[in-house]
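Summary of structural features
This is what each chain is made of:
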Amino acid sequence: MTGATIWLTGLPSAGKTTLAHELAGRLRGEGHRVEVLDGDEIREFLSAGLGFTRADRHTNVQRIGFVAELLASNGVKALVPVIAPYADSREAVRKRHQTEGTAYLEVHVATPVEVCSERDVKGLYAKQAAGEISGLTGVDDPYEAPESPDLRLESHTQTVQESAAALHTLLTERGLA
Ligand SMILES: Nc1ncnc2c1ncn2[C@@H]1O[C@H](COP(=O)(O)OS(=O)(=O)O)[C@@H](OP(=O)(O)O)[C@H]1O
Ligand SMILES: Nc1ncnc2c1ncn2[C@@H]1O[C@H](COP(=O)(O)OP(=O)(O)O)[C@@H](O)[C@H]1O
């Protein structure tokens with residue numbers, strides 16, 4: 001089976017993790033091998049000790065990109081719900097896949113910051129507003145939105161199922177599902 005990395009980039013609470021797991025379920029049901037490289041889990045193990053500076057975020061994204069490519073080149077659909085706020089970090093991951101001849105799709109989960117901060121799944125926006133944390137992506141830390149992603153999802157105007165269906169359609173169009 002053809003492997004691929006599908007990177008879901010977007011702000012905290014945009015819907016990256018939810019969509020990755022929804023898509024994973026659909027793909028598994030069709031017999032695909034799937035791994036979700038969850039940002040929080042990766043930061044507990046593979047990227048333990050890294051923080052949220054530009055340099056640390058870059059290192060984190062390159063490590064995840066490396067593992068995703070290994071999985072994808074062995075027939076796995078590697079779903080990556082990780083913010084990856086910097087365009088040059090994402091570009092380096094894309095190039096690595098290109099060099100190795102491995103399929104790579106960039107999906108922008110383009111939920112506006114106002115909606116994300118209302119969802120505030122992990123309470124980070126509230127903590128930032130209360131001055132308890134700083135350097136929150138999209139608020140007081142940069143997020144460089146992709147200029148030409150393979151797909152841009154408007155998760156605030158769609159249900160989870162509609163967004164996941166759009167993602168699945170993209171994979172089908174590219175011969176990956
Ligand atoms: N300052 C700050 N900025 C952004 N995110 C923060 C921050 N502090 C903690 N968190 C939590 O860590 C998750 C982001 O980790 P990632 O590995 O996806 O980010 S990055 O690509 O390295 O920037 C992110 O997870 P998601 O909410 O699922 O996106 C946050 O829950
Ligand atoms: N179309 C949609 N796609 C993804 N999530 C959605 C959508 N509509 C509403 N949501 C909700 O938004 C929240 C997103 O949280 P989460 O997936 O953890 O975000 P992230 O991983 O980007 O931080 C979830 O509570 C989810 O149910």
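Along each chain, residues carry numbers from 1 onward, in the same order as the chain's sequence is written. Think of it this way: whatever chain is written first is A, whatever ligand is written first is 1, and the rest follow in order. For a predicted model such as this one, the threshold for reporting local features is a pLDDT of at least 70, and the threshold for listing and counting side-chain atom pairs is 80 or more; totals across whole chains, interfaces and linings nevertheless cover every residue. Derived side-chain values reflect all non-hydrogen atoms in the structure, with water molecules and hydrogen atoms excluded from consideration.

Concerning the site of ligand 2
Only heavy atoms are used to decide nearness, and a residue is near a molecule or strand if one of them lies within 4 Å of it. Around ligand 2 lies a shell of 16 residues, among which Ser13, Lys16, Thr17, Thr18 and Gln158 are the nearest. Ser155 is positioned with one of its backbone polar atoms (N or O) 3.2 Å from a nitrogen atom of ligand 2. Under the rule applied, a polar contact is a pair of N or O atoms within 3.5 Å (in protein, one hydrogen donor and one hydrogen acceptor; residues adjacent in sequence only if both atoms are side-chain atoms). The backbone of Thr159 places a nitrogen or oxygen atom 3.2 Å from a nitrogen atom of ligand 2. In short, Shrake-Rupley with a 1.4 Å probe defines the accessible areas, and a residue's cover is counted only from the protein chains shown. Starting from 570 Å² of accessible surface for ligand 2 in isolation, the protein chains cover 77%. Strands here are runs of E lasting at least two residues and helices are runs of H or I lasting at least four, both read from the DSSP assignment and numbered beginning at the N terminus. Counting only elements with at least two residues in the shell around ligand 2, the list comes to α1 (16–29) and α7 (160–173). Here the element with the most residues in the shell around ligand 2 is α1; it accounts for 4 residues.

Focus: the UniProt feature "binding site: ATP" (unreviewed entry) in the protein
Under the UniProt annotation, the feature "binding site: ATP" (unreviewed entry) is placed at Gly10, Leu11, Pro12, Ser13, Ala14, Gly15, Lys16 and Thr17. From this annotated list, the subset lining the largest pocket comprises Pro12, Ser13, Ala14, Gly15, Lys16 and Thr17. By secondary structure assignment, the location of Pro12 is in the loop between β1 (4–9) and α1. Contact partners of Pro12, with chain neighbours within four places excluded, come to Ile83, Cys116, Tyr125, Leu136 and Thr137. With respect to the helices, strands and loops of the structure, Gly15 is situated in the loop between β1 and α1. Summary of the burial criterion: residues with accessible area below 20% of their type's maximum are buried, those above 50% are exposed, and those between are partly exposed, where the area comes from a 1.4 Å probe applied to protein chains only. Overall, the relative accessible area of 16% leaves Gly15 in the buried class. If we skip the residues at most four places from it in the chain, Gly15 touches Val109 and Arg119. UniProt positions are given in the numbering used here, feature names are shortened, and annotations may be inferred rather than shown by experiment. Computed over the protein atoms alone on a 1 Å grid, cavities are sets of points where a 1.4 Å probe fits but cannot get out and pockets are open sets with protein on both sides within 12 Å along at least five of seven lines; a residue lines them when it has an atom within 4 Å of a point. Every residue pair with non-hydrogen atoms within 4.5 Å of one another is taken to be in contact.

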